[in-house]
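Here is how the chains run, residue by residue.
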Amino acid sequence: EKREEKKKKKEKKEKRKKKKKKKKKAIQTTYASCMKEEVHNSLLLIFSVLLAILFYQINSYMSESFNNQLIVPACTVGLVLVSGAIGYHFGAKSAGGAKSNSSSSSSSSELLDDDATNSEEEDNPRRDAIIQEIIYTEQTYVGFLLVLEEIFYQPLDTLSSFQDAVISKHDVDLIFGNVPKIRKSNQRLLHLLEESQDSNISQIFLSMMEKLKKSHKPYLENFTKARVRKEYLVEHNRDFERFLRVIRHATPCEGKTLADILIMPVQRMPRYEMLLNDLLKYTPDDHPEYTSIQEALTKLHEISVFMNENNRRIEVLRQVSGSISGFENVPENSERTFLFEGECSATRGKMPQQYTLFLFDDGFLFTKKKSKKIFSDNDYLFKFVEFVPVSHETFIEACSWRPNG
């Protein structure tokens, strides 16, 4: 009986190994074919962007030569060229992706059917489905990061160096931030997930946690400011609005606007936490990954809490700065935290004057009330008077004093 049990266990292990090899081989084949197609389509995209730049140069030359009497509609022609190549680029990608997804889905369905018929030999198929969902959603996320970088950021960044730029280099950097770094870190995560398939998922997240936090943090800190600037440009810059409209309709962005894609990095970290929670739910207590999944969840929760607190801090700062005329005179500090607001009396010159004081963790901002009931019944619009920076040590000493009430 013992020999028979050992024999059965050995057969089960061999079956599992064969299934893992089959999955890995299918993924490697799909990845290789996708890479070949990616190189071909990327070259076409680069060529079309260069053509667009050439038309912009022709436009500038013709405008100067004919004293603005003859202007070539280079912007429209260039955008049509870029959008056409983009459509082909992502159309081919989606077609290839559809084939690979259909083949992978058929193979995965076969595996799930096999798991259902041999439930005694395999773990809960629901757990495998959650792992596949983690990989699939990461593929979708990285795909949209590539859209953000290649379709929006790179063309706008390239054109910003010309006289007839759609938007300035400063605005490009402000709106898109460190999107290339986020894309690189998540592409690495996706590569590891695809290689591992159904094993060591939690260890992969643990190994990538710091890189993900480091790449996403600057983007999240800048997100509110970037969103406000983008909305302003869409409303006041006709070329930028036209660029976004052409790109949206000429490429398979699944109906998503630039705003929809820009918010994805903000939503991704909480999404990881939700998916790993589901994975833990369907992982047996005695599973080798159970403890490491819990550890990964703890770290993800810490990052999510930090980012939520950071978002709240940034939103409060945005509201405060939006109510003060001349706030741009305050030195920039991405780590600044608003503490409280109150009335105070201070002597400037000979006579004491009334001020509204805004206290931050790096200084005191003195303002004057400018007008009432601009935002709501309890808000005022203030005028910048002076910002007095303080060192950390001075601030700690000042914290020992509290105003009455």
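Residues numbered from 1 in each chain as written. Predicted model: local features only at pLDDT ≥ 70, side-chain atom pairs only at ≥ 80, totals over all residues. Heavy atoms only, no water.

Participant: Teacher, can you tell me more about the overall build of the chain here?
Facilitator: Per the secondary structure count, the chain includes 11 helices and five strands. Buried positions account for 39% of the 405 residues belonging to the chain. Here the analysis covers contacts within the chain between residues at least 6 apart in sequence; of these, 68% occur between residues at least 24 apart. Carbon and sulfur atoms provide 54% of the accessible area of the chain, an area that totals close to 24,000 Å². (Helix = DSSP H or I, 4+ residues; strand = E, 2+ residues; numbered from the N terminus. Buried < 20%, exposed > 50% of the residue type's maximum accessible area, 1.4 Å probe, protein only. Contact = heavy atoms within 4.5 Å. Areas by Shrake-Rupley, 256 points an atom, 1.4 Å probe, with all protein chains shown as cover.)

Participant: Explanation requested: the pattern of salt bridges in the structure shown.
Facilitator: Opposite charge on two side chains permits pairing when their charged atoms draw close. Summed over the entire model, instances satisfying the criterion amount to 12 salt bridges. For E289, the salt bridge identified is with R127, shortest N-O distance 3.3 Å. Taken together, the residues E289 in the loop between α9 (264–281) and α10 (290–322) and R127 in helix α3 (residues 125–159) connect sequence positions 162 residues apart. One salt bridge in this structure joins E138 and R268, with 2.9 Å as the shortest N-O distance. Of this pair, E138 sits in helix α3 while R268 sits in helix α9, and the two are 130 residues apart along the sequence. Like R268, E138 is buried. (Salt bridge = Lys/Arg side-chain N within 4 Å of Asp/Glu carboxyl O.)

Participant: I would appreciate a short explanation of the confidence of the model for the chain in the present structure.
Facilitator: Parts of the prediction with low pLDDT should not have their coordinates interpreted in detail. The pLDDT averaged across the chain works out to 75; a share of 67% of its residues lies at or above 70. Scored below 50 in pLDDT, residues 87–122 shows 40 contacts in the model against residues more than four places distant or in partner chains. Note on residues 400–405: pLDDT is under 50 here. Beyond four places in sequence and across chains, it has one contact. (pLDDT = per-residue confidence, 0-100.)

Participant: I would appreciate a short explanation of the packing of helix α5 (residues 179–196) against helix α6 (residues 201–236) in the present structure.
Facilitator: Pairs of packed helices are described in terms of their axes, by the angle between the two and the distance that separates them. Look at α5 against α6: their axes get within 9 Å of each other, and the N-to-C directions meet at 170 degrees. The orientation of α5 with respect to α6, classified from their angle, is roughly antiparallel. Here V179, K181, I182, S185, N186, R188, L189, L192, L193 and S196 of α5 lie close against α6, whose contacting residues are I201, I204, F205, M208, K211, L212, S215, H216 and Y219. (Axes fitted to C-alpha atoms, helices over the stretch in contact; angles between N-to-C directions. Parallel < 35°, antiparallel > 145°, perpendicular 65-115°, else oblique.)

Participant: Which parts of the structure should I look at to understand a positive patch on the surface?
Facilitator: Judged by side-chain charge, K2, R3, K6, K8, K9, K12, K13 and K17 come together as a positively charged surface patch. Along the chain, K12 turns up in helix α1 (residues 2–65). On the basis of relative accessible area, K12 is assigned to the partly exposed category, the value being 33%. (Patch = residues over 30% accessible without salt bridge, like charges linked within 9 Å, V, L, I, M, F, W, Y side chains within 5 Å. Lys, Arg positive; Asp, Glu negative; His and termini not counted. Charge placed at Lys NZ, Arg CZ, Asp CG, Glu CD.)

Participant: What is the right way to read the side chain of S196 from this model?
Facilitator: With respect to the helices, strands and loops of the structure, S196 is situated in helix α5. In this structure the side chain of S196 is engaged in a polar contact, spanning 3.1 Å, whose partner is the backbone oxygen of L193. For S196, the contacting residues outside a window of four places in its chain are I201 and I204. (Polar contact = N/O pair within 3.5 Å; in protein donor to acceptor, adjacent residues only side chain to side chain.)

Participant: I'm lost on helix α4 (residues 169–176) in this one. Help?
Facilitator: At 3.6 residues per turn, the α-helix brings residues three or four places apart onto the same side. Residues D171, V172, L174, I175 and F176 constitute the buried set of α4. Remark: G177 follows α4 within two positions and exhibits a positive phi of approximately 55 degrees.

Participant: Just to check I follow, could you spell out the packing of α9 against α10 for this structure?
Facilitator: Direction vectors running N to C along α9 and α10 enclose 155 degrees, while the axes themselves pass 9 Å from each other. With respect to each other, α9 and α10 are oriented roughly antiparallel. Every pair of crossing elements has a handedness; the one defined by α9 and α10 is left-handed. Judged by residue contacts, V266, M269, P270, Y272, E273, L276, N277, L279 and L280 of α9 engage Y290, I293, Q294, A296, L297, L300, H301, I303, S304, M307 and N311 from α10. (Left-handed = near helix turned anticlockwise from the far one by under 90°.)

Participant: Would you take a moment to explain the packing of aromatic side chains for this structure?
Facilitator: Note on aromatic pairs: each is described by the distance of the centres and the angle between the planes. Taken as a whole and judged by the stated rule, the model has eight aromatic pairs. Ring plane angle 80 degrees and centroid distance 5.2 Å describe the contact between F358 and F382, whose orientation is recorded as edge-to-face. Taken together, the positions of F358 in strand β3 (residues 351–360) and F382 in strand β5 (residues 380–389) put the pair 24 residues apart, joining distant regions of the chain. The two residues F358 and F382 agree in class, both being buried. Put simply, the rings of F327, F338, F358, F360 and F382 pair up and form one aromatic cluster. Over the ring of F306 we find K213; its NZ or CZ atom is 5.2 Å from the centre of that ring. Sitting over the face of the ring of F360, R336 holds its NZ or CZ atom 5.8 Å from the ring centroid. (Phe/Tyr/Trp six-rings, centres within 6.5 Å; stacked < 30°, edge-to-face > 60°. Lys NZ or Arg CZ within 6 Å of the ring centre and 35° of its normal.)

Participant: Just to check I follow, could you spell out the side chain of R127 for this structure?
Facilitator: Classification of R127 as buried rests on a relative accessible area of 3%. A distance of 3.3 Å separates a polar atom in the side chain of R127 from a polar atom in the side chain of E289.

Participant: Looking at this model, I keep getting lost on the environment of L190. Mind explaining?
Facilitator: Residue position: L190 is located in helix α5. The class of L190 is buried, set by a relative accessible area of 10%. In sequence terms L190 and E138 are 52 residues apart; their C-alpha atoms lie 6.2 Å from each other. For L190, the contacting residues outside a window of four places in its chain are I135, E138, Q139 and V142.

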